[in-house]
Structures are given as structure tokens and as C-alpha cells.
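Listed below are the residues making up each chain.
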Amino acid sequence: MKKNLILSISLILLALTFGSCQRMAEDAIRKIRIQAVEEFRLYGLTNAEMVLRIANDTRHKIKLNDVELTIHYKESPAITLQLQEGIKINKRTTESVATRWKLKAEALAMMLVARDIRNDDPSQIRVSFRIEGHSGLVGFDITQEKMPLTDFLPTFGLTWQEFKNRIQSHFENIIPQ
């Protein structure tokens, strides 16, 4: 009887701890923001470098271990970017962080994305992403599937027109008109 009582109390305390960790993770997610893409450079067709301005308003250092972003045309992946090295952001700060990315492009879908950007029609362009990392001892895994591009851009402080102006020159270097 005494063992069951101790076991029950232990399980309740464990459940409360997990609930607390979940709240900490949700709080951390709200307090970490990518404020801007300050620079974007392509290196051939398979590598890119982005300088991101990232705000961390938490009380813990943040480490992003794995980040993957895919731009889709309708249901087909067009461009996938995968972070090559983890990112660390100090607590309660906003930092510019140089990041290196591996690119995988599907030629036909990428050309359709480029065409729609030129034609000012983002309606068929979607974005999926996955971010894994931790804040202090709390891990997080954020996933979003096929969000409309125009809903995703404000994450980086961009309007559709700003995005179009920035990306157009990169597509012109890769895909002739």
C-alpha cells in the first residue's frame, strides 16, 4: 500500500514536471524570432550563405541543431535548404548570424516558382519547415507543412514585393528569362 502511494505521488510529480517543460518549450518558441534576412548569397547551385538577424528574448542560450526549409510548387518540392552547422544565439540578445545551407533544387518545379514570382502570382507557392533545437535544457521541434508563401514571409519581416525584388536577381542568374 505504501509502495503504491509513493509510486502514485512520483508519477504525479513526473507528470507535473513534463507539463512544466512543455510550457517552457512553448514560451521559448514565442520568444525566438528571425527578424530579417540581412544577406543572401548563392554559391553555385548547391550552396548558399544567409546572414540572419535572430532575436532571443529567453533567459537561455539557444542552439538550433537542425533546420530544413522546402519551397513547394503546388505539391512538388522545388527547393530545399538544409542548415549545415548548428547555430547558437546568446540569451536576451539580437544577433546577426552567418549560416551555411545546402540546396537541393528540382529544376522544373524551380522554374515554375521563378515564373510565378516574375508574374507576381504566389498562389501556388508553399513553404514547409522543420526546426530542432534547445533552449537551456528544454528541447523543441517546430514543424509547419505547406504554409502559403505570403503567410510565411512576415516571419522574416518581408512583404511579397520585397521578397520578389530580392529573389528576382538570384533567379535571373540561374534561370534565363
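## Remarks on the overall build of the protein chain
Counting its regular elements, the protein chain contains four helices and eight strands. When the helices and strands of the protein chain are placed in sequence order, the string is α-β-β-β-β-β-β-α-β-β-α-α. In the protein chain, 62% of the contacts between residues at least 6 apart in sequence involve partners at least 24 apart.

## Examining the pattern of salt bridges
According to the stated counting rule, one finds 10 salt bridges in the structure shown. Residue Glu38 pairs with Arg53 through a salt bridge whose shortest N-O separation is 2.9 Å. Taken as a pair, Glu38 in strand β1 (residues 32-43) and Arg53 in strand β2 (residues 47-56) lie far apart in primary sequence, 15 residues in all. Relative accessible area serves as the criterion here: at 30%, Arg53 is assigned to the partly exposed category. For the salt bridge of Glu132 with Arg130, the shortest nitrogen-to-oxygen distance reads 3.3 Å. Via salt bridges that share partners, Glu39, Arg41, Glu49 and Arg100 belong to a single interconnected network.

## Looking at the environment of Gln144
Along the chain, Gln144 falls in strand β8 (residues 138-148). Between the C-alpha atoms of Gln144 and Ile131, which are 13 residues apart in sequence, the distance is 9.2 Å. Discounting chain neighbours no more than four positions away, the residues touching Gln144 are Val127, Ser128 and Phe129.

## Comments concerning the packing of aromatic side chains
Evaluation of the coordinates by the stated rule reveals two aromatic pairs. On the numbers, 5.7 Å between centres and 40 degrees between planes, the contact of Phe129 with Phe152 is tilted. Note that Phe129 is positioned in strand β7 (residues 125-135) and Phe152 in helix α3 (residues 149-152), a separation of 23 residues in sequence. For Phe129, a relative accessible area of 16% corresponds to the buried category. Relative accessible area serves as the criterion here: at 9%, Phe152 is assigned to the buried category. Residues Trp160 and Phe163 carry aromatic rings whose centres are separated by 5.9 Å and whose planes lie at 35 degrees to one another, so their mutual orientation is tilted. Placement of both Trp160 and Phe163 in helix α4 (residues 160-174) is noted, with a separation of three residues, approximately one turn of the helix. Like Trp160, the residue Phe163 is buried in the burial classification.

About the criteria used
Residues numbered from 1 in each chain as written. Predicted model: local features only at pLDDT ≥ 70, side-chain atom pairs only at ≥ 80, totals over all residues. Heavy atoms only, no water. Helix = DSSP H or I, 4+ residues; strand = E, 2+ residues; numbered from the N terminus. Contact = heavy atoms within 4.5 Å. Salt bridge = Lys/Arg side-chain N within 4 Å of Asp/Glu carboxyl O. Buried < 20%, exposed > 50% of the residue type's maximum accessible area, 1.4 Å probe, protein only. Phe/Tyr/Trp six-rings, centres within 6.5 Å; stacked < 30°, edge-to-face > 60°.

Purely geometric numbers; function is a separate question.
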